[in-house]
Amino acid sequence: MIDSDTLSTQYIIDVLSRLPLEPLEYCQRWVEIPSDERGYRKACVTALAEATGLSPRTVNDWGPNFERRPDHVLHVLRMADMLNQIRKIVLPPDYPQK
């Protein structure tokens, strides 16, 4: 017999993995500098570049609110977000990140 909680958790993960994640949302979740502080945009560009594998210059060219980002980036960011969440839950705080 399959546990219904396991099925619902798997279903939620499958649904979430198909939802796009905008660059600003990704930054709100994973950039540790408050959005109103100096250096936030640069940290955001860096985080987005790391998550997507693109250069910071390319990410910076998406515009002030990243409105000119390619559509495929939304799904890459969702996957990066999910991976970050798993890391946060599973890995000990002193685990090497790089």
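Below or above, wherever it landed, is the structure these notes cover. All values reported here derive from a predicted model rather than from experimental measurement.

With a phi angle near 60°, F66 is a residue other than glycine that sits in the positive phi range. Residue classification places F66 among the buried positions, given a relative accessible area of 2%.

The geometry of a pair of packed helices is captured by two quantities: the angle between their axes and the separation between those axes. Helix 5 (residues 72-90) packs onto helix 3 (residues 40-52) with a crossing angle of 90° between their chain directions and a minimal axis gap of 9 Å. Between helix 3 and helix 5, the crossing angle belongs to the class labelled roughly perpendicular. Residues L48, A51 and T52 of helix 3 form the contact with helix 5, whose own contacting residues are V73, V76, L77 and A80. Here the residues of the contact of helix 3 with helix 5 are counted per class, giving six nonpolar, one polar and no charged.

One pass over the structure, following the stated rule, counts five salt bridges. Ionic pairing is found between R29 and D81, a salt bridge with its closest N-O pair at 2.8 Å. With R29 in helix 2 (residues 23-30) and D81 in helix 5, this residue pair connects regions lying 52 residues apart in the sequence. Exposure remark for R29: the relative accessible area of 44% places this residue in the partly exposed category. The residue R68 makes a salt bridge to E67 at a minimum N-O spacing of 3.8 Å. For E67, a relative accessible area of 45% puts it in the partly exposed group.

Now for the state of the cysteines. Under the defined criterion, the tally for this structure stands at one disulfide. Linked covalently through their sulfurs, C27 and C44 form a disulfide whose S-S length is 1.7 Å. Note on the C27 and C44 pair: the S-S dihedral is about 85°, so by sign convention the disulfide is right-handed. Of the two residues, C27 sits in helix 2 while C44 sits in helix 3, which places them 17 residues apart along the sequence. The pair formed by C27 and C44 is uniform in burial state, with each residue classed as buried.

About the criteria used
- Residues numbered from 1 in each chain as written.
- Predicted model: local features only at pLDDT ≥ 70, side-chain atom pairs only at ≥ 80, totals over all residues.
- Heavy atoms only, no water.
- Buried < 20%, exposed > 50% of the residue type's maximum accessible area, 1.4 Å probe, protein only.
- Axes fitted to C-alpha atoms, helices over the stretch in contact; angles between N-to-C directions.
- Helix = DSSP H or I, 4+ residues; strand = E, 2+ residues; numbered from the N terminus.
- Parallel < 35°, antiparallel > 145°, perpendicular 65-115°, else oblique.
- Contact = heavy atoms within 4.5 Å.
- Nonpolar A, V, L, I, M, F, W, Y, C, P; charged D, E, K, R; others polar.
- Salt bridge = Lys/Arg side-chain N within 4 Å of Asp/Glu carboxyl O.
- Disulfide = S-S within 2.5 Å.

In short, the description is geometric, and any link to function would need to be established separately.
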